[in-house]
Amino acid sequence: MAEVKNKKAVLRHYVKGFAKESDFEVVTSETIHLKVPEGSNAVLVKNLYLSCDPFMRSRMTKHDEPSYVPDFVPGSVITGLGVVKVVDSENSNYAPGDLFWGLTRWEEYSLIENPELLLGIKHEDLPLSCYTGVLGVTGLTAGAGFYEVCSPKKDDRLFVSAASGAVGQLVGQLAKLMGCYVVGSAGSDEKVELLKGKLGFDEAFNYKKEPDLKAALKRYFPEGIDIYFENVGGAMLDAVLANMRLNGRIAVCGMISQYNLEKPEGVHNLTYVITKRIRMQGFLVSDYIYKYPEYEDRLAQYIKEGKINYMEDVAEGLECAPAALLGLFTGCNIGKQLVVVSHE
Ligand code: NAP
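Residues numbered from 1 in each chain as written. Predicted model: local features only at pLDDT ≥ 70, side-chain atom pairs only at ≥ 80, totals over all residues. Heavy atoms only, no water.

Chemist: Talk me through the overall build of the protein; I want residue IDs and the actual numbers.
Modeler: A tally of helices and strands in the protein yields nine helices and 15 strands. Over its C-alpha atoms the protein spans a radius of gyration of 21 Å, differing by no more than 12% from the 20 Å that the globule rule assigns to 344 residues. Taking the principal axes of its C-alpha atoms as reference, the protein extends roughly 70 × 45 × 35 Å. The proportion of buried residues among the 344 residues of the protein is 53%. Sequence separation of 24 or more characterises 68% of the internal contacts of the protein that already satisfy a separation of 6 or more. Counting every atom, the protein has about 15200 Å² of accessible surface; 53% of that belongs to carbon and sulfur. For the protein, the centre of its 37 positive side-chain charges and the centre of its 45 negative side-chain charges are spaced 7 Å apart. (Helix = DSSP H or I, 4+ residues; strand = E, 2+ residues; numbered from the N terminus. Rg over C-alpha atoms; globule rule 2.2 N^0.38 Å. Buried < 20%, exposed > 50% of the residue type's maximum accessible area, 1.4 Å probe, protein only. Contact = heavy atoms within 4.5 Å. Areas by Shrake-Rupley, 256 points an atom, 1.4 Å probe, with all protein chains shown as cover. Lys, Arg positive; Asp, Glu negative; His and termini not counted. Charge placed at Lys NZ, Arg CZ, Asp CG, Glu CD.)

Chemist: I'd like a rundown of the packing of aromatic side chains, residues and numbers included.
Modeler: This model, assessed by the stated rule, comprises twelve aromatic pairs. Between Y147 and Y295, the aromatic rings sit 5.9 Å apart at their centres with planes inclined by 10 degrees, giving stacked as the arrangement. You can see Y147 sitting in helix α2 (residues 137-149) and its partner Y295 sitting in helix α8 (residues 292-304), a full 148 residues away along the chain. For Y147, a relative accessible area of 17% translates into the label buried. Residue class for Y295 comes out buried when judged on its relative accessible area of 2%. (Phe/Tyr/Trp six-rings, centres within 6.5 Å; stacked < 30°, edge-to-face > 60°.)

Chemist: Explain the environment of R279 to me, and be specific about the residues and the numbers.
Modeler: Relative to the assigned elements, R279 resides in strand β13 (residues 279-282). R279 sits in the partly exposed class, given a relative accessible area of 33%. Remark: the alpha-carbon pair of R279 and L213, spanning 66 residues in sequence, is separated by 21 Å. Non-local contacts of R279, meaning those with residues more than four positions away in its chain, are made with V149, C150, S151, G248, R249 and I250.

Chemist: For the sheet that holds strand β10 (residues 203-206), give the residues involved together with the corresponding values.
Modeler: One open sheet holds the six strands; their spatial order is β10-β9-β8-β11-β12-β13, and the pairing between them is parallel. Of all strands in the sheet, those with a lone pairing partner are β10 and β13, marking the two edges. Mean inter-strand twist for the sheet, computed between neighbouring axes without regard to direction, equals 15 degrees. As paired strands, strand β8 (residues 157-160) and strand β9 (residues 181-186) are joined by four bridges and run parallel to one another. Paired with L158 across the strands is V182, a residue of β9. Of the strands in this sheet, β8, β9, β10 and β11 (225-230) are in contact with helix α5 (residues 213-220), which crosses β10 at around 165 degrees. (Pairing = 2+ DSSP bridges. Axes fitted to C-alpha atoms, helices over the stretch in contact; angles between N-to-C directions.)

Chemist: Kindly report on the state of the cysteines, identifying the contributing residues and their values.
Modeler: Applying the stated rule across the entire model yields zero disulfides. You can see C130 has no disulfide; the closest cysteine sulfur is in C52, sitting 16 Å from it. The class of C130 is buried, set by a relative accessible area of 4%. C150 carries a free sulfur, and the closest cysteine sulfur to it, the one in C180, is 9.0 Å from it. (Disulfide = S-S within 2.5 Å.)

Chemist: Account for the packing of α2 against helix α3 (residues 166-178), naming residues and giving values.
Modeler: With their axes 9 Å apart at the nearest point, α2 and α3 run at an angle of 45 degrees to one another. In terms of orientation, α2 and α3 fall into the oblique class. Crossing of α2 against α3: the hand is right-handed. Touching T138, G139, T141, A142, G143, F146 and Y147 of α2 are A166, V167, L170, V171, L174, A175 and M178, all from α3. Of the residues that constitute the contact of α2 with α3, the class distribution is ten nonpolar, four polar and no charged. (Parallel < 35°, antiparallel > 145°, perpendicular 65-115°, else oblique. Left-handed = near helix turned anticlockwise from the far one by under 90°. Nonpolar A, V, L, I, M, F, W, Y, C, P; charged D, E, K, R; others polar.)

Chemist: Could you give an account of the nonpolar core, naming the residues involved and the relevant values?
Modeler: Judged by nonpolar contacts, the single largest core of 51 residues is most densely connected at V134, L135, F146, L158 and F229. Sequence-distant contacts of L135, defined by excluding residues within four places in its chain, comprise W101, H123, L126, C130, Y292, E296, L299 and A300. Within the second largest apolar cluster, 22 residues are counted, among which are L11, I78, L318 and L325. (Core = buried A, V, L, I, M, F, W, Y, C linked by side-chain atoms within 4.5 Å.)

Chemist: Which residues make up the pairing of strand β12 (residues 244-252), and what are the values?
Modeler: Bridging between β11 and β12 involves five bridges; their strand directions are parallel. Within β12, the residue paired with Y228 across the bridge is I250. In this fold, β11 hands off to helix α6 (residues 235-243), which returns the chain to β12; that crossover is right-handed. Of the pairings in the sheet, the one linking β12 to β13 comprises four bridges and is parallel in character. Within the sheet, the bridge partner assigned to A251 lies in β13 and is Q281. (Right-handed = clockwise from strand over helix to strand, strands pointing away.)

Chemist: Tell me what's going on with the site of the ligand, and back it up with residues and numbers.
Modeler: Around the ligand, the surrounding shell holds 26 residues, and the nearest of these are K191, Y207, Y259, V285 and N333. At a separation of 2.5 Å, an oxygen atom of the ligand approaches a polar side-chain atom of K191. Take F283: an N or O atom from its main chain is 2.9 Å from a nitrogen atom of the ligand. When the ligand sits alone it has 900 Å² of accessible area, and the protein chains cover 90% of it. A breakdown of the residues in the shell around the ligand according to their chemical character gives 16 nonpolar, nine polar and one charged. (Near = heavy atom within 4 Å. Polar contact = N/O pair within 3.5 Å; in protein donor to acceptor, adjacent residues only side chain to side chain.)

Here it is, written out as structure tokens:
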């Protein structure tokens, strides 16, 4: 029976403030048999691709109240989304070599206790890594957030922050396909050029170079913003609120600027929600799981037809996983950040 030393990424301790690489440890731990325990319903998988997601930062902090996802347990392997290949199973639904995506762990091999929660790979003609992003949770977040929460229509003026990131790149392109005027913000000139070039945004700006965000938005939206797809929070949200149009919509997807702060910043311009009759709605991708097959197919089709460009940022090796995850909070990534654990 084959045996391997299983490498894994572990959270050392709970984190307050900005997370650091030293909060993690990548260890080669116990020897495991590449065989499921006899009579078990579990499936043994090899982890191929892991997804880096901003919400994982929240799980690194100990919460007094239960959150929508449980806190990580220090000393335990990190859990997250990924693409896996079955190595062994006693269940006829899972044969060695079968590919799935879903909740797994940041290690080379995982014993998945609830394999029925894994989802199949439908669009095999697209790169498998797409299932960490555009054909997985990222795509559903962008699709459901844009179509279901923003109530978009042709000619709407849409602003999206963290626009060159995994979700942002898709939201901007979906809005362009609908005939919206689309502006994105990002944290470097290189990202701004990609947004205006490869991704086809109408305009983009580097928020780090704008001393007055409210004035910057006024420049791109002289008549105001109909839709704001919120990914960052903080000062950007205040600047947007001041620039919204009457009856505008704000889809609150995330507030990444706040995730490493011990005390969140306040929002000062909320009275505009009243005077401009803004609908501001938070959402969780899990609210729209029932829409997954629809968005998986729609986004796959758009990619195959060349209607959207999809960018990935690929880190090679489990050792790089902590740095790749933390890079989301300093804007290191362009497009979807993922980690390759194994190419096969
Ligand atoms: P991402 O955009 O690929 O990566 C995060 C990006 O955020 C970075 O590249 C960086 O780009 C930007 N950023 C980091 N710190 C920032 C700061 N202090 N101020 C402004 N921008 C900052 O990540 P993603 O997976 O697509 O997630 C985007 C947002 O969606 C996150 O807020 C996430 O929590 C949220 N989300 C929500 C759901 C849901 O169910 N509601 C699901 C998935 C994701 P720059 O170079 O532009 O700074």
